[in-house]
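As a plain string of letters, each chain reads:
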Amino acid sequence: MSRIEARTLELRESKVDMGALVRMAAHMNDGLAREAKVEVKIAGPSSLPHFRGDELRLTQVLLNLIGNGLKYTLAGGEVRVGYGLSAAGGIEVTIADTGVGIHSEDIERVQVPFARGDNRSAFVRTKEGLGLGLPLAKAFTEAHGGTLKIASRVGEGTSITLEFPAERIV
Ligand SMILES: Nc1ncnc2c1ncn2[C@@H]1O[C@H](COP(=O)(O)OP(=O)(O)O)[C@@H](O)[C@H]1O
Ligand SMILES: [Mg+2]
């Protein structure tokens, strides 16, 4: 986090297959999904152009966001991860859950390091964390020239959209 704040984070770029990264990150969360009794569903084209990115950082982004989806969703819910070309010709990834949601007045705050959401909810109070997953996901996405947007409704779920610019398509 401090390297990002000092703007000295360097990307190790290679050709990235986003579909493969999404499947790998989802698979790495299998244990968590089973424990939470939340299903992860993946949807996206079987072939998508590669893009230039840092595979390790992007994997961390996906792990954090899928992990949050699993962590903040009640048993029986689901996390849907969709990927594909964006309207602007770049790559888009959406991680949407049917979880507890984030209060609108908390959305800005939870993107700041060490901030954690709603302690009004008994379910969320049982969850431990440092409050770094979302800020890191945002910082790593922005380091690729991308954006991270949050849409959420309390009691309905949260949807995080990542968009990476067309200039990164190989
Ligand atoms: N998918 C989600 N659904 C509901 N709340 C979320 C979700 N993702 C993040 N949050 C809220 O944002 C806060 C910050 O997230 P994060 O930085 O990953 O920290 P942590 O998971 O360690 O608490 C969380 O404490 C939680 O309140
Ligand atoms: Mg987290």
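Refer to the structure presented above.
Just so we're clear, the structure is a prediction, and the values are computed from it rather than from any experiment.

Novice: Give me the lowdown on the overall build of the protein, citing residues and values where you can.
Specialist: Broken down by element type, the protein carries six helices and seven strands. Taking all 170 residues of the protein together, the buried fraction comes to 44%. As presented, the protein carries roughly 9100 Å² of accessible surface, and 51% of it is formed by carbon and sulfur atoms.

Novice: Quick rundown of the site of ligand 1? Include the residues and the values.
Specialist: The immediate surroundings of ligand 1 are formed by 19 residues, with N68, Y72, D97, R116 and L134 found nearest. Contact between ligand 1 and D97: a nitrogen atom at 2.8 Å from a side-chain N or O atom of the residue. Within the contact set of ligand 1, an oxygen atom lies 3.0 Å away from a backbone nitrogen or oxygen of L130. Considering ligand 1 on its own, with 530 Å² of exposed area, one finds that the protein chains cover 96% of that surface. In the shell around ligand 1, the residues fall into eight nonpolar, eight polar and three charged.

Novice: Please provide a residue-by-residue account of unusual backbone geometry, values included.
Specialist: With a phi close to 55°, K37 is a non-glycine residue in the positive phi region. Structurally, the position occupied by K37 is in the loop between α3 (30-36) and β2 (39-43). The backbone phi angle of F114 is positive, close to 70°, even though this residue is not glycine. With respect to the secondary-structure elements, F114 resides in the loop between β5 (91-97) and α5 (122-125).

Novice: How would you explain the packing of aromatic side chains if you had to name every residue and give the values?
Specialist: Under the defined criterion, the tally for this structure stands at one aromatic pair. A ring pair is formed by F51 and F164, whose centres lie 5.5 Å apart and whose planes are at 35°; its orientation type is tilted. Of the two residues, F51 is situated in strand β3 (residues 51-53) and F164 in strand β7 (residues 157-164); the sequence distance between them amounts to 113 residues. Both residues of the pair, F51 and F164, count as buried.

Novice: Report on the packing of helix α4 (residues 55-71) against helix α6 (residues 133-143), specifying residues and quantitative values.
Specialist: At a closest axis distance of 9 Å, the pairing of α4 and α6 adopts a crossing angle of 145°. As for the relative orientation of α4 and α6, their crossing is left-handed in sense. Each of R57, Q60, V61, N64, L65 and N68 in α4 lies in contact with α6, whose residues at this interface are G133, L134, L136, A137, F140 and T141. A breakdown of the residues in the contact of α4 with α6 according to their chemical character gives six nonpolar, five polar and one charged.

Novice: Lay out the nonpolar core in plain terms, naming residues and giving numbers.
Specialist: Core analysis: the largest hydrophobic core is formed by 39 residues, its most contacted members being M18, L62, L65, I66, V93, I95 and L162. The element contributing the most residues to this core is α4, with six residues. With residues near it in sequence (within four places) discarded, L65 still touches I95, L134, A137, L148, I160 and L162.

Novice: An account of the environment of T98 is needed here, citing residue identities and associated values.
Specialist: Here T98 is to be found in the loop between β5 and α5. Setting aside anything within four residues of it in sequence, one finds T98 in contact with T73, G77, E78, R80, E156 and G157. Separated by 2.9 Å, the side chain of T98 and the backbone nitrogen of E78 make a polar contact.

Novice: Mind laying out the pairing of strand β6 (residues 147-153), listing which residues take part and the relevant values?
Specialist: Side chains of β6 alternate between two faces, with L148, I150 and S152 buried and T147, K149, A151 and R153 left unburied. The pairing of β6 with β7 spans seven bridges and is classified as antiparallel. Residue T147 lies in a different strand from β7, and its bridge partner there is E163.

Cut-offs used in this document
Residues numbered from 1 in each chain as written. Chains lettered and ligands numbered in written order. Predicted model: local features only at pLDDT ≥ 70, side-chain atom pairs only at ≥ 80, totals over all residues. Heavy atoms only, no water. Helix = DSSP H or I, 4+ residues; strand = E, 2+ residues; numbered from the N terminus. Buried < 20%, exposed > 50% of the residue type's maximum accessible area, 1.4 Å probe, protein only. Areas by Shrake-Rupley, 256 points an atom, 1.4 Å probe, with all protein chains shown as cover. Near = heavy atom within 4 Å. Polar contact = N/O pair within 3.5 Å; in protein donor to acceptor, adjacent residues only side chain to side chain. Nonpolar A, V, L, I, M, F, W, Y, C, P; charged D, E, K, R; others polar. Phe/Tyr/Trp six-rings, centres within 6.5 Å; stacked < 30°, edge-to-face > 60°. Axes fitted to C-alpha atoms, helices over the stretch in contact; angles between N-to-C directions. Left-handed = near helix turned anticlockwise from the far one by under 90°. Contact = heavy atoms within 4.5 Å. Core = buried A, V, L, I, M, F, W, Y, C linked by side-chain atoms within 4.5 Å. Pairing = 2+ DSSP bridges.

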